[in-house]
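One-letter residues, chain by chain:
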Amino acid sequence: MADRPDPERAANPHSSERAANAHSSERASAREEVVIDERVRAAYRLPSPADEPARARLLARLAADPSKRTGWRWWLAADAFRARPIWVAAAFVAVLAGGAWLGSRVTPRTANDAVAIIQSAADPTTAPVTFVLRAPGATRVSVVGDFNNWDASSTPMEHSGSGDLWVLSLRLPRGVHLYSFVLDGAEWRPDPSAPLAADDSFGGHNSVIVVDGAPGL
Amino acid sequence: MGDARAAMTDAECVALARAGDESARADLVVRHHASCIRFARHLLGDLADAEDAVQETYMRAFAGLARYEERDAFRAWLFQILVHRCRSVGARRTRQRERFVSDHQAVERAAVSGDEGLQDAQRTLAAALDGLDLDHREAFLLKVGEEMEYEEMSRLTGVQVSALKMRVKRARDHVRARWPGASDGG
């Protein structure tokens, strides 16, 4: 395609000169950006003498991490019984659930086994809590938290029957608990009605509930 | 790392790690530790803080492997955790400085502490980054250092692409003004 005379350039040659200078300046600026980025990247990627020892310390920490042990090795480990609070809570729930399961062998189950299991294990150190979530389009909703070891399968919520409400009532140990909802087994969603939220370290937030046994909880 | 294991994808290593394979965890450390530690080191400007952040990142990542979705790259997921850990460390350090340190020179010394053994280019970069806040450093290092796309950066930082572009541009201007010889293009 042949070059056509630029009417603006013909009318104002100074304007086109300024435009050409601006383009030239932009190109120079872009070149400078490339140069500085390359210098930064070259310096950034140089290893530090401290990196290798840091990696060795991390591998050593992982090797000593009791949470990764499985099977009989976990039980033989000397520090296996230095339980963290989350494991204590999980074990507590598991014991309660186990007792309820034994009870269920001699009594008929209700429609929602998970709810029945935890509620039947009422204890003075626990208090009733009801979780409610409006989740249009969801086919499964669970509550996960430090009280069930973040296991989406252990505490499914009940669909209210009509509308989009999902409800779960259970008893939780008194204290502060982090929790979240899991929709259709994949989408983690903090409780929109919870006044507190904590960074979950995965780019999102967990909700926080304080269970103190006060009326109405 | 054996040949067979070296040929595995991150997703395959993660699947083994989920099943309790300890060596798969170690492989994931070996694969990504270098990029994690250099990012944290330059972002936080302190080796000890960087090591803490990276250790916590891996511990949380392995504790939360059940939450890792295979459609995401493991490295991006790891960096998502790392960015949040670094922000927490940075915020904690800022609070400590506000509480205990009033001498400006002491703050500057702390910002490059533990850098014995670094090369001149690394010192130049540390000096050029000095004075940038954590948000700008974070965006600049992810873009220029780790060569991430803006969309990926947005996913893992939770910051909009337009804001990230602005942070990278401002950070680059800051660095260029402090980089010896950069302003003359040589």
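Residues numbered from 1 in each chain as written. Chains lettered and ligands numbered in written order. Predicted model: local features only at pLDDT ≥ 70, side-chain atom pairs only at ≥ 80, totals over all residues.

(A) How the structure looks around the overall build of chain A. Across its full length, chain A carries 6 helices and 8 strands. Each helix (α) and strand (β) of chain A, taken in turn from the N terminus, gives the series α-α-α-α-α-α-β-β-β-β-β-β-β-β. Here chain A holds 217 residues, and 20% of them are scored as buried. By sequence separation, contacts in chain A at least 24 residues apart represent 56% of the contacts at least 6 residues apart. (Helix = DSSP H or I, 4+ residues; strand = E, 2+ residues; numbered from the N terminus. Buried ≥ 20, exposed ≤ 12 C-beta atoms within 10 Å, placed from the backbone. Contact = placed C-beta atoms within 7 Å.)

(B) Expanded view of the interface of chain B and chain A. Taken residue by residue, the interface counts 43 residues in chain B and 32 residues in chain A. Among the secondary structure elements, those contributing two or more residues to the side of chain B that touches chain A are α3 (22–44), α4 (47–63), α5 (74–100), α7 (120–129), α8 (134–145) and α10 (161–178) of chain B. Of the residues forming the side of chain B that touches chain A, the biggest block, 10 residues, is contributed by α3 of chain B. A breakdown of the residues in the side of chain B that touches chain A according to their chemical character gives 19 nonpolar, 14 polar and 10 charged. (Nonpolar A, V, L, I, M, F, W, Y, C, P; charged D, E, K, R; others polar.)

(C) How the structure looks around unusual backbone geometry. You will see that Asp184 of chain A, though not glycine, has its phi angle at about 55 degrees, which is positive. Inspection of the secondary structure assignment puts Asp184 of chain A in the loop between β5 (175–183) and β6 (187–189). Even without being glycine, Glu147 of chain B reaches a positive phi, approximately 55 degrees. By the element assignment, Glu147 of chain B lies in the loop between α8 and α9 (150–157). Owing to 9 C-beta atoms within 10 Å, Glu147 of chain B belongs among the exposed residues under this scheme.

(D) Just the confidence of the model for chain B, in detail. Residues and elements named next belong to chain B. For chain B, the average pLDDT comes to 83, and 81% of its residues sit at 70 or higher. Mean pLDDT across the elements of chain B ranges from a minimum in helix α6 (residues 104–111), with 43, to a maximum in α8, with 96. Below pLDDT 50 for its whole length, residues 99–113 participates in 9 contacts with residues either more than four positions away or in separate chains. Model confidence for the complex: the whole-complex pTM is 0.56, and ipTM, which rates the interface, is 0.84. (pLDDT = per-residue confidence, 0-100.)

(E) Inspection of the sheet that holds strand β3 (residues 158–159) of chain A at higher detail. Strand order across the open sheet formed by 3 strands is β1-β4-β3 (chain A), with antiparallel pairing between neighbours. Sheet topology places β1 (126–134) and β3 of chain A at the edges, where each strand pairs with a single neighbour. (Pairing = 2+ DSSP bridges.)

(F) A look at α10 of chain B. Residue and element names in this part refer to chain B. The end-to-end C-alpha separation of α10 is 26 Å, in line with the 26 Å expected for 18 residues at 1.5 Å each. Residues of α10 that are buried include every one of Leu164, Arg167, Val168, Ala171, Arg172 and Val175, and no others. Looking straight down α10, one finds that the buried residues subtend no more than 135 degrees of arc, so they occupy a single side. For α10, exposure combined with an orientation more than 90 degrees from the buried face picks out Ser162, Asp173 and Ala177. (Expected span 1.5 Å × (residues − 1). Arc of directions from axis to C-beta.)

(G) Geometry of the environment of Ser180 of chain A. All names here are of chain A. Note on placement: Ser180 falls in strand β5. Note on Ser180: 22 C-beta atoms within 10 Å, which makes it buried. As a C-alpha pair, Ser180 and Pro192 span 12 residues in sequence and 9.9 Å in three-dimensional space.

(H) Representation of the environment of Arg176 of chain B in the model. Mapped onto the elements, Arg176 of chain B comes out in helix α10. Measuring from C-alpha to C-alpha, the distance between Arg176 of chain B and Ala128 of chain B comes to 7.6 Å, with 48 residues separating the pair along the chain.

(I) Quick look at the packing of α8 of chain B against α10 of chain B. Residues and elements named next belong to chain B. For the pair α8 and α10, interaxial distance at closest approach is 8 Å and the crossing angle is 95 degrees. When the interaxial angle is binned, α8 and α10 end up roughly perpendicular. For the pair formed by α8 and α10, the contact residues are Asp135, His136, Arg137, Ala139, Phe140 and Lys143 on the first element and Leu164, Arg167, Val168, Arg170, Ala171 and Arg172 on the second. Tallied by class, residues from the contact of α8 with α10 come to 5 nonpolar, 1 polar and 6 charged. (Axes fitted to C-alpha atoms, helices over the stretch in contact; angles between N-to-C directions. Parallel < 35°, antiparallel > 145°, perpendicular 65-115°, else oblique.)

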